[in-house]
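# A look at the structure
Spelled out from the first residue to the last, the chains are:
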Amino acid sequence: MSLIQHLRHEAAVAPESGIVAVMNHGRKQEGVIPLWAGEGDLPTPEFIRAAAGEGLDNGETFYTWQRGIPELRQALSDYYKRHFSVDLPVEHFYVTGSGMQSIQLAVQATAGTGDEVIYLSPAWPNFAAAAAIGGATPVAVTQDFTGNGWTFDPQKIRDAITPKTKALFINTPSNPSGWTADVETLREMLAIARQHGLWIIADEIYAHFYYGARRAPSFLDVMDPEDRIIFVNSFSKNWAMTGWRVGWLVAHPSLGQTIENLIQYSTSGVAQFMQRGAVVALNQGDDFIRSQVERAHKARDILCARLAATGRVHLSPPAGAFYLMFGIEGISDSYRAAFDIVDQAKVGLAPGTAFGDGGGAFLRLCFARRLDEIETAADRLAEWIRFR
């Protein structure tokens with residue numbers, strides 16, 4: 001009997017990421033344009049790095065506030081007032097060791113063994129895996145791809161609810177599809193949660209990457225203070241800080257001690273010198289965010305135009321996030337196609353099979369990169385598609 005058979009079942013059966021499998025295949029090949037992962041090509045801006053370096057030089061290497069240093073929680077409060085027009089005191093904010101940990105803590109706080117959590121699919125695979133590892137059952141509600149892009153019928157959520165359902169995980173704008181809920185859809189999902197006494201875990205990490213207005217609609221636009229909503233977020237995308245692993249939660253102050261306890265029994269907090277960088281990112285990084293969104297908007301349009309011109313691609317320009325999820329006529333096995341595209345076109349994509357129900361016939365690419373690379377990738381993909 002192998003050692004793995006003696007592990008906890010949920011850990012032993014945790015799936016390998018289909019995205020990482022393609023990355024591992026192609027990362028050592030010369031000349032591959034890597035559009036497989038959910039990060040851009042820009043390093044963290046110098047003004048953020050300098051603040052963290054100063055904190056390190058000042059010896060900020062000891063245990064610190066588990067909910068986050070006061071300066072960072074105040075910066076988060078100011079950020080939400082500036083961008084979301086809400087006045088949330090610092091007691092609503094909790095600093096975490098990445099957006100991924102924010103999701104884990106939100107799931108731990110709301111669902112466990114024997115419970116069910118509903119999420120929209122295709123979806124970033126880490127949420128379903130995190131819920132399952134924690135003992136809960138993730139329940140996929142599939143979105144549909146039409147000529148008008150990815151769509152969603154809230155009735156599907158109603159149909160999926162059982163007495164075991166404890167929470168809804170809603171990611172908008174969506175990774176991988178770019179689907180973005182409008183205000184009326186958010187209101188309807190909130191009404192469903194209220195009717196059934198469910199929590200909403202709101203992943204709004206890509207709120208600024210929205211191509212129809214200053215930011216995407218948010219549950220903050222429609223909720224009441226006592227609604228059961230926990231927001232998960234990250235510094236990774238907006239400020240090019242993927243490797244820092246710093247995130248945050250927004251939750252009602254009455255949950256504060258519980259959230260602090262969960263942080264204590266996982267990481268015991270985020271390094272103080274890294275939080276110094278996060279403070280400066282929030283306070284001085286609005287122009288950097290705007291420049292990133294403008295570049296992503298141009299990249300999106302370049303890709304969509306060139307792939308659509310092949311006449312063999314099913315796509316709709318995503319309303320938000322910085323991903324394009326598209327299908328190719330005649331290709332149903334996106335996992336095999338992703339490996340072939342790496343080898344033959346030298347472009348790294350993520351297979352739609354990695355994103356669960358509804359994604360299998362699609363491929364996802366990240367267009368948060370410099371425009372000359374995007375143009376080259378678009379040309380290579382278009383040529384590969386034409387000769388399939």
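Whatever comes next refers back to the structure up there.
Residues numbered from 1 in each chain as written. Predicted model: local features only at pLDDT ≥ 70, side-chain atom pairs only at ≥ 80, totals over all residues. Heavy atoms only, no water.

### Quick look at the pattern of salt bridges
Applying the stated rule across the entire model yields 20 salt bridges. Linking D224 and R194 is a salt bridge whose minimum nitrogen-to-oxygen distance equals 3.3 Å. With D224 in the loop between strand 8 (199-203) and strand 9 (229-234) and R194 in helix 8 (residues 183-196), the pair connects residues that are 30 residues apart, well separated along the chain. A residue is classified by how much of its surface remains accessible, and D224, at 43% relative accessible area, is partly exposed. Within the structure, one salt-bridge network assembled from shared partners comprises R369, R370, D372 and E373. (Salt bridge = Lys/Arg side-chain N within 4 Å of Asp/Glu carboxyl O. Helix = DSSP H or I, 4+ residues; strand = E, 2+ residues; numbered from the N terminus. Buried < 20%, exposed > 50% of the residue type's maximum accessible area, 1.4 Å probe, protein only.)

### Thoughts on the nonpolar core
In terms of nonpolar packing, the biggest core is built from 107 residues, with F219, F235, W239, F322, F326 and F367 touching the most fellow members. With near-sequence residues (within four places) excluded, F367 lies in contact with Y211, A296, A299, R300, L303, P318, A321, F322, Y323, L324 and I374. Core analysis: the next-biggest nonpolar cluster, separate from the first, contains 24 residues, V107, Y119, A130 and A136 among them. (Core = buried A, V, L, I, M, F, W, Y, C linked by side-chain atoms within 4.5 Å. Contact = heavy atoms within 4.5 Å.)

### A short note on helix 4 (residues 70-84)
With 15 residues, helix 4 should cover 21 Å at 1.5 Å per step; its first-to-last C-alpha distance of 21 Å lies within 8% of that length. Along helix 4, the positions that sit buried rather than exposed are L72, R73, A75, L76, S77, Y79, Y80, H83 and F84. Buried residues in helix 4 make contact with strand 2 (93-96), strand 9, strand 10 (247-250), helix 10 (272-284) and helix 11 (286-308). Positive phi shows up at S85, right after helix 4, with a value of about 55°. (Expected span 1.5 Å × (residues − 1).)

### Section: the environment of D343
As for its placement among the helices and strands, D343 is situated in helix 12 (residues 334-345). Residues D343 and Q29, 314 residues apart in the sequence, show an inter-C-alpha distance of 8.3 Å. Beyond its immediate sequence surroundings of up to four residues, D343 is in contact with H25 and Q29. Only 2.8 Å separates the side chain of D343 from the side chain of H25, close enough to count as a polar contact. Within the structure, the side chain of D343 is placed 2.8 Å from the side chain of Q29, a separation counted as a polar contact. (Polar contact = N/O pair within 3.5 Å; in protein donor to acceptor, adjacent residues only side chain to side chain.)

### Here we look at the sheet that holds strand 8
In any sheet, the strands associate via hydrogen bonds between backbone groups, in a parallel or an antiparallel arrangement. Strand order in this open sheet of seven strands is 2-10-9-8-7-3-4, and the pairing throughout is mixed. Edge strands, defined here as strands with exactly one partner in the open sheet, are strand 2 and strand 4 (137-142). This sheet shows a mean twist of 25° between the axes of neighbouring strands, independent of strand direction. Judged from the five bridges that link them, strand 7 (residues 165-171) and strand 8 form a sheet pairing that is parallel. Along strand 8, the bridge assignment pairs A167 with W199. (Pairing = 2+ DSSP bridges. Axes fitted to C-alpha atoms, helices over the stretch in contact; angles between N-to-C directions.)

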